[in-house]
Amino acid sequence: MNIALVANDSKKTLMENLCIAYRHILIKHDLYATGTTGQLIEDTSSLPIHKYLAGDLGGEQQLASQISNNEIDLVIFLRDTSYPPKHPAIGAADFSSALRFCDMHNIPLATNLATAEALLLALDRGDLDWRNLVRNNSNL
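Residues numbered from 1 in each chain as written. Predicted model: local features only at pLDDT ≥ 70, side-chain atom pairs only at ≥ 80, totals over all residues. Heavy atoms only, no water.

Asks: Just to check I follow, could you spell out the side chain of Glu60 for this structure?
Replies: Mapped onto the secondary structure, Glu60 falls in helix H4 (residues 59–68). As a buried residue without a salt bridge, Glu60 has its nearest oppositely charged side chain in Arg100, at a separation of 7.5 Å. (Helix = DSSP H or I, 4+ residues; strand = E, 2+ residues; numbered from the N terminus. Buried < 20%, exposed > 50% of the residue type's maximum accessible area, 1.4 Å probe, protein only. Lys, Arg positive; Asp, Glu negative; His and termini not counted. Salt bridge = Lys/Arg side-chain N within 4 Å of Asp/Glu carboxyl O.)

Structure representation (structure tokens):
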């Protein structure tokens, strides 16, 4: 399965720890991440990551494109609940289109640690194998 991993700056360490704790599950899948998050995950967990550009440099659009083409099966986006700030920095990534596409295409999405862990355990049990059928049928 294709899994996208995204984390706001304040959640990057949490994402690293999640990937270390669930490495035994994640290693069996193709992982995608925005640039900085992907590099941090690779460095700390030794998981191979397909890296997009940084979120604010186009990584959000790359992720949204894959989601809209039904090429991602699971998204873990650990986000800061105060994100975006009232006055976002110029160039700050906006992941709202990627999140909207997850809803449109029924792609499982976790935005906090508890849901991320539940989805990873479900993935390991085979509860998300239906995504293979959905992805394969959308390519016909």
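Asks: Please clarify how the pattern of salt bridges should be interpreted in this entry.
Replies: It is possible for side chains bearing opposite charge to pair when their charged atoms get close. Counted under the stated rule, the structure contains 5 salt bridges. As a salt-bridge pair, Lys51 and Glu42 come within 2.9 Å of each other at their nearest N and O atoms. Exposure remark for Lys51: the relative accessible area of 37% places this residue in the partly exposed category. As a salt-bridge pair, Asp73 and Arg131 come within 3.3 Å of each other at their nearest N and O atoms. Pair noted here: Asp73 is in the loop between H4 and strand S4 (74–78) and Arg131 is in helix H7 (residues 130–138), with a separation of 58 residues, a long-range link. With respect to burial, Asp73 and Arg131 carry one shared label: buried.

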